[in-house]
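Coordinate analysis (summary)
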Amino acid sequence: MGLKSRAMRFSRPCSIAAIGVNSFRIGSMNTPFDTPLICPLLVGRAAHVDLMRRLAGQAQAGDGRTLLLSGEAGTGKSRLAADLRDWADQHGWLVLAAACYEADRGRPYAPVLDLLHGVPDGAWSSSPLQPEVAAHLVEAGHDRSQLLRAVLDLVQRLATSRPLLLIVEDLHWCDDASLDLLLYLARRLAGQPVLLLFTYRSDETGGDLSEFLAALDQQRLATEVSLAKLSRLEVEQMVRAIFDQPRPLRAEFLDYLYRLSEGNPFFVEEILRAMVRSGEIYFDQGIWDRKPLAELHIPRSVQEVMRRRREQLSPLARQVLTTAAVAGRRPDFALLHRLTDLDEADLIAALKELIAAQLLVEESGDRFAFRHALIQEAAQANLLARERRAMHRVVAAVLEQQANEAGETPLADLAYHTFLGQDWQKALDYSARAGRQALDLHAPHTAVTHFSHALQAAAALGQVTPAEILLARGDAYMRLSQYDAALADYDGALDAATRRGDGELAWQATLALGHLWATRDYERSGEYIAEALRLARQHNVPQRVAVSLNQMGNWRMNRERPFEGLRDHQEALAIFEQLNDRDGLAETLDLLAITRFNCGDLIGGRADCRQAIALWEALDDRRGLLMSQAGLALAADFELEFDDEAVAENLPTGRQAVETARAITWRSGEVLATICLGLAEGRRGQWGAALDILHAALDAAIDIEHKEWIVDARRALGWLYNEMLDFERAEQILAPAQQMARAINSEIWQRQTAAALATALIGQGRSDDAQAALDAVCEPGGPARTLQERLIWAARAELALSCGQADRALDIVERLIATGQNMTDAGRVVPRLWWMRGEALLGRGCFDEADAALGAARTAAQAQGRLPLQWRIELALVRTHLAQRRRADAARAADAARASHAALAASLPDDREPGHSLRAGFLTRAQAMLPALPEASPRDAARQRYGGLTGREQEVATLVAQGLSNRDIAGRLTISERTAERHVANIMLKLDFNARAQIAAWAVEVGLLVGAS
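Since the structure is predicted, the reported quantities are computational estimates derived from the model, not experimental observations.

Describing the overall build of the protein chain
- Looking only at helices and strands, the protein chain has 48 helices and nine strands in total.
- Buried residues in the protein chain amount to 58% of all 1013 residues.
- Put simply, of all contacts in the protein chain between residues at least 6 apart along the chain, 68% involve residues at least 24 apart.

Some details on the packing of aromatic side chains
- In this structure the tally under the stated criterion is six aromatic pairs.
- Ring geometry for F597 against F638: centres 5.6 Å apart, planes inclined by 55°, an arrangement best described as tilted. Residue F597 is located in helix α26 (residues 582-598), and its partner F638 is located in the loop between α28 (622-634) and α29 (651-663); the two are separated by 41 residues in the primary sequence.
- For R524, the ring lying beneath its charged end belongs to W517, and the centroid distance is 4.1 Å.

Section: the pattern of salt bridges
- What the rule picks out here adds up to 59 salt bridges.
- In this structure, D568 and R556 form a salt bridge, with 2.6 Å as the shortest nitrogen-oxygen distance. Here R556 lies in helix α24 (residues 542-558) and D568 lies in helix α25 (residues 562-579), a separation of 12 residues in the sequence. No difference in accessibility class separates D568 from R556, as the two residues are buried.
- Among the ionic contacts, a cluster of salt bridges with common partners joins R606, R610, D637, E639, D643, E645, R683, D712, R715, R832 and R866.

Remarks on the confidence of the model for the protein chain
- Confidence in the prediction of the protein chain, expressed as mean pLDDT, is 84, and 87% of residues score 70 or more.
- Counting interchain partners and residues more than four positions distant, the pLDDT-below-50 stretch residues 293-301 has 22 contacts.

What to know about the sheet that holds strand β2 (residues 94-99)
- Strand order in this open sheet of five strands is β2-β3-β4-β1-β5, and the pairing throughout is parallel. Two strands in the sheet have a free side with no partner beyond their single neighbour: β2 and β5 (222-227). Geometrically, the sheet is characterised by an average inter-axis angle of 15° between neighbouring strands, direction not taken into account.
- By the bridge criterion, five bridges tie strand β3 (residues 164-169) to strand β4 (residues 194-201) in an arrangement that is parallel. In the sheet register, L164 faces β4, and the bridge partner there is V194.

A short note on the pairing of β3
- Counting buried positions over the six residues of β3 gives six, a clear majority of the element.
- Along β3, one buried face is formed by L164, L166 and V168 and the opposite face, lined by L165, I167 and E169, is buried too.
- When β2 meets β3, the two strands line up parallel, connected through six bridges. Paired with L94 across the strands is L164, a residue of β3.
- Note that the unit made of β3, helix α6 (residues 176-188) and β4 has a crossover that is right-handed.

Observations concerning the environment of E405
- Relative to the elements of secondary structure, E405 occurs in helix α16 (residues 385-406).
- The class of E405 is exposed, set by a relative accessible area of 52%.
- Looking at E405, its side chain comes within polar contact range of the side chain of R338, at 2.6 Å.

Comments concerning the state of the cysteines
- As enumerated under the stated definition, the model contains zero disulfides in all.
- Of all cysteine sulfurs in the structure, the one in C609 sits closest to C676, which takes part in no disulfide; the separation is 9.6 Å.
- For C676, a relative accessible area of 4% gives the class buried.

Quick look at the packing of helix α45 (residues 966-973) against helix α46 (residues 977-991)
- Put simply, α45 and α46 touch, their axes get as near as 8 Å, and they point 110° apart. One finds that α45 runs roughly perpendicular with respect to α46. Seen along the crossing, α45 lies across α46 with a hand that is right-handed. Of the residues in α46, those in contact with N966, R967, I969 and A970 of α45 are E977, A980, E981 and V984.
- Residues of the contact of α45 with α46, tallied by class, amount to four nonpolar, one polar and three charged.

Some words on the nonpolar core
- Ranked by internal contacts, the top residues of the largest apolar core, which has 234 residues, are L164, L171, F212, I675, W834 and F922.
- The contacts of I675, once residues within four sequence positions are left out, are L694, A697, W709, D712, A713 and A716.

Some details on unusual backbone geometry
- The backbone phi angle of E560 is positive, close to 65°, even though this residue is not glycine.
- Along the chain, E560 falls in the loop between α24 and α25.

What to know about the environment of R187
- Of note, R187 is situated in helix α6.
- Taking the relative accessible area as the measure of exposure, R187 reaches 15% and is therefore buried.
- R187 sits 472 residues away from E659 along the chain, and the two C-alpha atoms are 9.6 Å apart.
- Not counting chain neighbours up to four residues away, the residues in contact with R187 comprise Q219, L221, E659 and R662.

Describing helix α12 (residues 315-327)
- An ideal rise of 1.5 Å per residue puts 18 Å on 13 residues; α12 measures up with 18 Å between its terminal C-alpha atoms.
- Restricting attention to buried positions, one finds in α12 the residues A317, V320, L321, T322, T323, A324, A325, V326 and A327.

Concerning the side chain of H983
- Along the chain, H983 turns up in helix α46.
- The class of H983 is buried, set by a relative accessible area of 15%.
- Once residues lying within four places of it in the same chain are set aside, the contact partners of H983 are R952, E953, V956 and I975.

With respect to the side chain of T674
- Relative to the helices and strands, T674 resides in helix α30 (residues 667-683).
- Taking relative accessible area as the criterion, T674 reaches 9% and is therefore assigned buried.

Some points on the environment of A957
- Looking at where A957 falls in the secondary structure, it is placed in helix α44 (residues 951-961).
- Sequence separation between A957 and V1004 is 47 residues, and the spatial gap between their C-alpha atoms is 10.0 Å.
- Excluding residues that lie within four positions of it along the chain, A957 makes contacts with L949, I987, I999, W1002, A1003 and L1008.

Here we look at the packing of helix α38 (residues 831-844) against helix α40 (residues 867-883)
- It is the contact of α38 with α40, at a shortest axis distance of 10 Å, that shows an interaxial angle of 25°. The angle between α38 and α40 falls in the class roughly parallel. Pair α38 / α40 crosses with left-handed handedness. For the pair α38 and α40, the contacting residues are P831, R832, W835, E839 and L842 in the first and L869, R872, I873, A876, R879, T880 and A883 in the second.
- Looking at the contact of α38 with α40 residue by residue, the classes come out as seven nonpolar, one polar and four charged.

Things to note about helix α36 (residues 787-802)
- The end-to-end C-alpha distance of α36 is 23 Å, a good match for the 22 Å that 16 residues give at a rise of 1.5 Å each.
- A large share of α36 lies buried, amounting to 12 of its 16 residues.
- Those residues of α36 not exposed but buried are L787, Q788, E789, R790, I792, W793, A794, A795, R796, A797, L799 and A800.
- As for α36, its buried residues are in contact with α26, α34 (747-763), α35 (767-775), α37 (806-818) and α38.
- Two residues or fewer after α36 comes G804, characterised by a positive phi angle close to 75°.

What counts, and at which threshold
Residues numbered from 1 in each chain as written. Predicted model: local features only at pLDDT ≥ 70, side-chain atom pairs only at ≥ 80, totals over all residues. Heavy atoms only, no water. Helix = DSSP H or I, 4+ residues; strand = E, 2+ residues; numbered from the N terminus. Buried < 20%, exposed > 50% of the residue type's maximum accessible area, 1.4 Å probe, protein only. Contact = heavy atoms within 4.5 Å. Phe/Tyr/Trp six-rings, centres within 6.5 Å; stacked < 30°, edge-to-face > 60°. Lys NZ or Arg CZ within 6 Å of the ring centre and 35° of its normal. Salt bridge = Lys/Arg side-chain N within 4 Å of Asp/Glu carboxyl O. pLDDT = per-residue confidence, 0-100. Pairing = 2+ DSSP bridges. Axes fitted to C-alpha atoms, helices over the stretch in contact; angles between N-to-C directions. Right-handed = clockwise from strand over helix to strand, strands pointing away. Polar contact = N/O pair within 3.5 Å; in protein donor to acceptor, adjacent residues only side chain to side chain. Disulfide = S-S within 2.5 Å. Parallel < 35°, antiparallel > 145°, perpendicular 65-115°, else oblique. Left-handed = near helix turned anticlockwise from the far one by under 90°. Nonpolar A, V, L, I, M, F, W, Y, C, P; charged D, E, K, R; others polar. Core = buried A, V, L, I, M, F, W, Y, C linked by side-chain atoms within 4.5 Å. Expected span 1.5 Å × (residues − 1).

Shown next, in the form of structure tokens:
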């Protein structure tokens, strides 16, 4: 790929009448090639133009936008893009434009590099990202994060001086790496004077493009303008505008033209162009006319249009056109020069003829492009299969020669041309290498294409199916969450490796199968992982043993045996430390972290996460990094263990994990990171955001058919609806999750879903059903060591409280506290357990002890930013204070509870679903849980009016307002000076003041001083 290509240029439409009568001979069969037959008007697109310009105006004002322009091929997307470009040029915008071509699917970042080539020369002075540097990053297979950040930085700087319009056409042919970068820009450029315009064919939206469009929709990042075909009337307007025709078209001709073109503007233009060239439409006595309908030979397809246009070209131009079409993409002059073996003058003449015929456009002095993709497709359609193969081989040979001279190998181009040229040995080599490069660049769809071509090449050569290529394609399918395809490849790789006696590949395939089956059935997953560990130990390869141990440890954790898994990971860690294998260490620390979490050790797990993050960053491994970042956010979900960090502290890393997963096109990783982020948002009380995040995660998990993440997302949503007191809806979500958890043989998910389901059943007053759900997954007398066991026991305590069994509930809670991790230091509080302890003590009538437990719980919950838990604690405090006959304290706790549940409700959408307002529903249910306060006595009413101050404290506040010192107050009230000092301190504490002047101002405000005088 050359480095001097320029951005795509759009030709401006003009009227054929502007050429003048003398440009045509009446009845001529050979009108000049330089006569454009392009409609000078954007017929039927006025509303689209208006919308696009309004969006551009908003972007110009600083409200960055993404605009999608969709429609079938030929409906005028490029024309609308050109119109907006002209408008932007006229209004002082900077415009960068590029287009995608079919061959670009195998070339990561092709349109992005073309965009960079359009940057004005003066803009590069302060940017580290030169076009040559960008091309090198792509060809050398560097991690894309560097390129993402550099492109974003460049675009942001370009937009500081004037508004920026970025146009990328034909996204249906865009490589997945470029789509990821464009999505990255769409997210990051909102709120800046940048308009992103993307066009694509609406009938070609599979694979990566479908995911790209779904991501834009889900995040409300884009406005879409869809182009329909023209109506019969609009086709007439278009034809009359093209020919500057004052009189209406004859009905039979219009009907025939409309039926043939189906209202497609490009087809209309091309058919008319062919008819003019053939003389079937002609200029006579100042107007355009046509032959009788019976004499017309209207082409039946674009291919026929192209045949007629090709006939008007010189033989040399036809040769160059066909060669350029086979070369694909945007052929540069040097490539065409070598392919055609023409001298420079003849090649230039042929190119000028093609440009004049509106077949090619000149992008720069060295690069050309087809005016429309359909032209390129049709230009090579007349080739015989043998001709096409031979030409692709010639292109590949020239590319190899250029690569030898330049020192860089365009793997994607060579893979494409050698495969289509059926040069099978080279196709096998280049396709395999291009596939691995695509995987390194996190472009799995492209990788699948290349690996599939490599396998076809091997079959054509009569070779045994290459196990390593099957294994690599299986990995690509796994990244795409296409599990059936991955399973077939892994099975094939294992069979091929076993038959040829390749122990390492057999081990890799076995381990890969274990990883894959973890998405479906943990029983089968464990069988493969155990076999992989056996093979590794049999061959006594330490690195393989350590990798297998990590997989076994993770499997055991998911089978609710985390302490055994901890030992596996620690053994693997020792091996990797001895080998000084940083990749292995990072992977092991990441797995250790989640295993420690499931053992109840949040502090140790977070420490492992942070060590892993440091290693991932040093290794520049984005996949590993996002997993550890997500782990930090996930720790907020575990409320039965001691934690010393606020929920919000690790939210930024959780968001980064989601962004990273999207940037590297890892959908499974994105779902997991999204669930972790949603849980963290929910634990801190951002319920509306959590609902949106978790519903999106569930939709994505269902889409990729990842059963484990489906269960996890449902469990998270069920928990959230429980928190919102919508227990019926929680049950509807959790019951299928529990069934799926049983189907995949995962004890960890069975117990998590059972605990949440029990809460939903308890909330509906169905105690027996809740008891049955808990007993089905955990023996009533079992231990409380693992996270899941502790969840079950906490649910049993909740059940006991709902049944009035305070003693049993207290016994369970004390057991959970005693067996918790990191509880050896005095004064450590787990707010959820202390809240449950307070509820149990309150049920036993131990009011002072309950007050102390709940007070400690509230302080800890506030420190950690756990608003939903804080609200529950405040409700319990209201009941405790009422039991203690402390009405004023109960009133203050009630006010705090109202404020907390109002804040929680404010985060919810007011009308998420018709007839079901989440906010109103929660407020109603929460208010019903608040105990009614008894009527206040006159004395209590006075105290309430004056901030809860006692009568004596009101007297002291009045004297402070009069300017008396503590000694003077003591003398006036006949009390000791120390007692007066204590009264003043109590006043400050109750009113949250820190100065006597504040007391004085308050006394005047509430009327105490007036009453005293």
